[in-house]
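The chain contents come next:
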Amino acid sequence: MRRRVQLITLDCALVVAEEGSFLGASRRMGIHHSALSRRVRNLEHSLGTVLFERHAAGVRPTLLGAKLLGNLRRVLAELDGTLAMVGGQAGNLAADFDASVHATELLDIVVDFIRSRPDVILRLVETKGVAAARSP
């Protein structure tokens, strides 16, 4: 039987599992924790099974929940790959920075970027001995 479940709801369940709590997941996703909890509870009701054991220290996936979440990660990774193929591959962005910038300042910049663009996957790659070409 085919069920209609929103992708955001499935993503919510994954983030709850990764964070180990509804509060941590709600902070990460920018959703109020009660709305997130209600969304996951509705998913559990729709599936007819409990996905998380809830306890004072947070949540832990049930055995069936862990299996579902593992399969869900795989399916969503395949979906991301398919969408990237259809929509074109993501490009690379190279950014130079002044070596005199203190590491904490650089980290602050990176954190601000991640918060402002949660849709972008940021991958930092160290390059050694590569001189940047500059236009005159």
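Residues numbered from 1 in each chain as written. Predicted model: local features only at pLDDT ≥ 70, side-chain atom pairs only at ≥ 80, totals over all residues. Heavy atoms only, no water.

**Observations concerning a nonpolar patch on the surface**
To keep it simple, the criterion reads: Think of a patch as exposed residues, more than 30% relative accessible area, with no salt bridge, where like charges cluster within 9 Å and nonpolar side chains (Val, Leu, Ile, Met, Phe, Trp, Tyr) cluster within 5 Å. Only the protein chains shown count as cover for residues, and all accessible areas are computed by the Shrake-Rupley method using a 1.4 Å probe. Salt bridge, as used here, is a side-chain nitrogen of Lys or Arg placed within 4 Å of a carboxyl oxygen of Asp or Glu. Helix numbering and strand numbering both begin at the N terminus, where a helix is a DSSP run of H or I of at least 4 residues and a strand a DSSP run of E of at least 2. With a 1.4 Å probe rolled over the protein chains alone, any residue whose accessible area is under 20% of its type maximum counts as buried; one over 50% counts as exposed, and the rest are partly exposed.
Nonpolar side chains collect at one region of the surface, where Phe113, Ile114, Val120 and Leu122 lie side by side and expose about 290 Å² of accessible area between them. Turning to its location among the elements, valine 120 is positioned in the segment after α5 (103–116). Taking relative accessible area as the criterion, valine 120 reaches 32% and is therefore assigned partly exposed.

**Some thoughts on the packing of helix α2 (residues 22–29) against helix α3 (residues 33–47)**
Defined as follows: With axes taken as lines fitted to C-alpha atoms, and helix axes fitted only over the stretch in contact, angles between N-to-C directions fall between 0 and 180 degrees. Here the word oblique covers every angle except those under 35 degrees (roughly parallel), over 145 (roughly antiparallel) and from 65 to 115 (roughly perpendicular). Contacts were defined at the residue level, with two residues in contact if any of their heavy atoms lie within 4.5 Å.
Close contact between α2 and α3 brings their axes to 8 Å; oriented N to C, the two are set at 110 degrees. Between α2 and α3, the angle falls in the class roughly perpendicular. Contacts between α2 and α3 pair Phe22, Leu23, Ala25, Ser26 and Met29 from the former with His33, Leu36, Ser37 and Val40 from the latter.

**Points about helix α1 (residues 7–19)**
Here is the rule: Multiply 1.5 Å by the residue count of a helix minus one, and that product is the helix's expected span.
The terminal C-alpha atoms of α1 lie 18 Å apart, and with 13 residues this matches the ideal 18 Å at 1.5 Å per residue to within 8%. Restricting attention to buried positions, one finds in α1 the residues Thr9, Leu10, Cys12, Ala13, Leu14, Val15, Val16 and Ala17. Directly after α1, the chain includes glycine 20, whose backbone phi takes a positive value near 80 degrees.

**Things to note about the pairing of strand β1 (residues 52–55)**
Condition: What makes two strands pair is DSSP finding at least two bridges between them.
Bridge count for β1 against strand β2 (residues 58–61) is four bridges, and the pairing is antiparallel. Across the sheet, the residue bridging to arginine 54 is valine 59, located in β2. Between β1 and β2, which pair antiparallel in sequence order, lie two residues.

**Things to note about the confidence of the model for the protein chain**
What counts is decided by this rule: pLDDT measures the predictor's confidence residue by residue and takes values from 0 up to 100.
The share of residues in the protein chain with pLDDT of 70 or more is 74%, and the mean pLDDT across the chain is 80. Overall, residues 130–136 carries pLDDT values under 50, and its contacts beyond four positions in sequence, including any with other chains, amount to two contacts.

**A few points about the pattern of salt bridges**
Counted under the stated rule, the structure contains five salt bridges. Among the ionic pairs, glutamate 18 bridges to arginine 28, the shortest N-O distance being 2.7 Å. Here the residue glutamate 18 occupies a position in helix α1, and arginine 28 occupies one in helix α2, the gap between them amounting to ten residues. Given a relative accessible area of 46%, glutamate 18 falls into the partly exposed group. Here arginine 28 falls in the partly exposed class, since its relative accessible area comes to 46%. We note a salt bridge from arginine 54 to glutamate 44, for which the minimum N-O separation is 2.9 Å. With arginine 54 in strand β1 and glutamate 44 in helix α3, the pair connects residues that are ten residues apart, well separated along the chain.

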